[in-house]
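Observations on the model geometry
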Amino acid sequence: MTKRRSSLGFLGMFGRSGDLRTLDAALRGADLHPALVPEGVKLTIVNLMKDHWPDEPPAQVYASLAQLFGYCVAGPETFEQANGRERRLDAERRIEDALEAGDSLDAQIVLMALHAKLISAEVVERFGLSAE
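Residues numbered from 1 in each chain as written. Predicted model: local features only at pLDDT ≥ 70, side-chain atom pairs only at ≥ 80, totals over all residues. Heavy atoms only, no water.

**A few points about helix α2 (residues 39-52)**
Here is the rule: Counting from the N terminus, the helices are DSSP H or I runs at least four residues long and the strands are E runs at least two residues long. Expected helix span is computed as 1.5 Å times (number of residues minus one). Contact definition: two residues touch when any of their heavy atoms are within 4.5 Å.
Taking 1.5 Å per residue, 14 residues should reach 20 Å; α2 reaches 20 Å between its end C-alpha atoms and fits that length. Packing partners of the buried residues in α2 comprise α1 (18-29), α3 (59-74) and α6 (105-115).

This is the structure in structure tokens:
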């Protein structure tokens, strides 16, 4: 079985792949406009998902990862204003769990946000993150 491939489209002639369109919608749902996220970062997110679910990631995973990534980018206060206190607390718990686990999908998302320099300085400080 061949792996699905993600596509950015080409000169408006070929459309974006379904996984990138779904991720864009999930980012909007987390109050993060997809245009603020570089295409390479979005491709990395969908490729990380493919590593964890070789056939097809469950639909709810897009929203879940977009929420975590949105928290990393926006920071706690801005994220809470747009998404509510419960989602902020959930994102913070997931980051704490990711730091303990070391190599999880959530940890990879946080690390990617850190390496891409998209992560909020407040999130870096709050969780003592560093890229070594």
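Once you've had a look at it, read on.
**As for the nonpolar core**
Selection rule: The criterion is simple. A nonpolar core is a set of buried Ala, Val, Leu, Ile, Met, Phe, Trp, Tyr and Cys residues joined through side-chain atoms within 4.5 Å. For every residue, the accessible area obtained with a 1.4 Å probe (protein chains only) is divided by the maximum for its type, and the residue is called buried under 20%, exposed over 50%, and partly exposed between those limits.
By size, the foremost hydrophobic cluster in this structure holds 33 residues, and its most contacted members are Ile45, Phe69, Ile95, Ile109 and Ile119. Put simply, the parts of the chain that give this core at least two residues each are α1, α2, α3, α5 (85-101), α6 and α7 (121-127). Not counting the four nearest positions on each side in its chain, phenylalanine 69 is found in contact with Leu27, Leu32, Val37, Val41, Ile45, Ile109, Met112, Ala113 and Leu118.

**Focus: the packing of α2 against α3**
Where we set the bar: Only the stretch in contact is used when fitting a helix axis, every axis being a line fitted to C-alpha atoms; angles between N-to-C directions are given from 0 to 180 degrees. The cut-offs work like this: below 35 degrees is roughly parallel, past 145 is roughly antiparallel, 65 to 115 is roughly perpendicular, and the gaps in between are oblique. In a left-handed crossing the near helix is turned counterclockwise from the far helix by less than a right angle, and in a right-handed crossing that turn is clockwise.
At a minimum axis distance of 12 Å, the contact between α2 and α3 shows a crossing angle of 130 degrees. Classed by the angle they form, the pair α2 and α3 counts as oblique. Regarding α2 and α3, the two cross each other, and that crossing is right-handed. Seen from α2, the contacting residues are Val41, Ile45, Val46 and Met49; seen from α3, they are Val61, Tyr62, Leu65 and Phe69.

**Considering the side chain of serine 120**
Examined against the element boundaries, serine 120 turns out to sit in the loop between α6 and α7. The exposure class assigned to serine 120 is buried, which follows from its relative accessible area of 12%. Among all residues touching serine 120, those that are not within four sequence positions of it are Cys72, Val73, Ala74 and Gly75.

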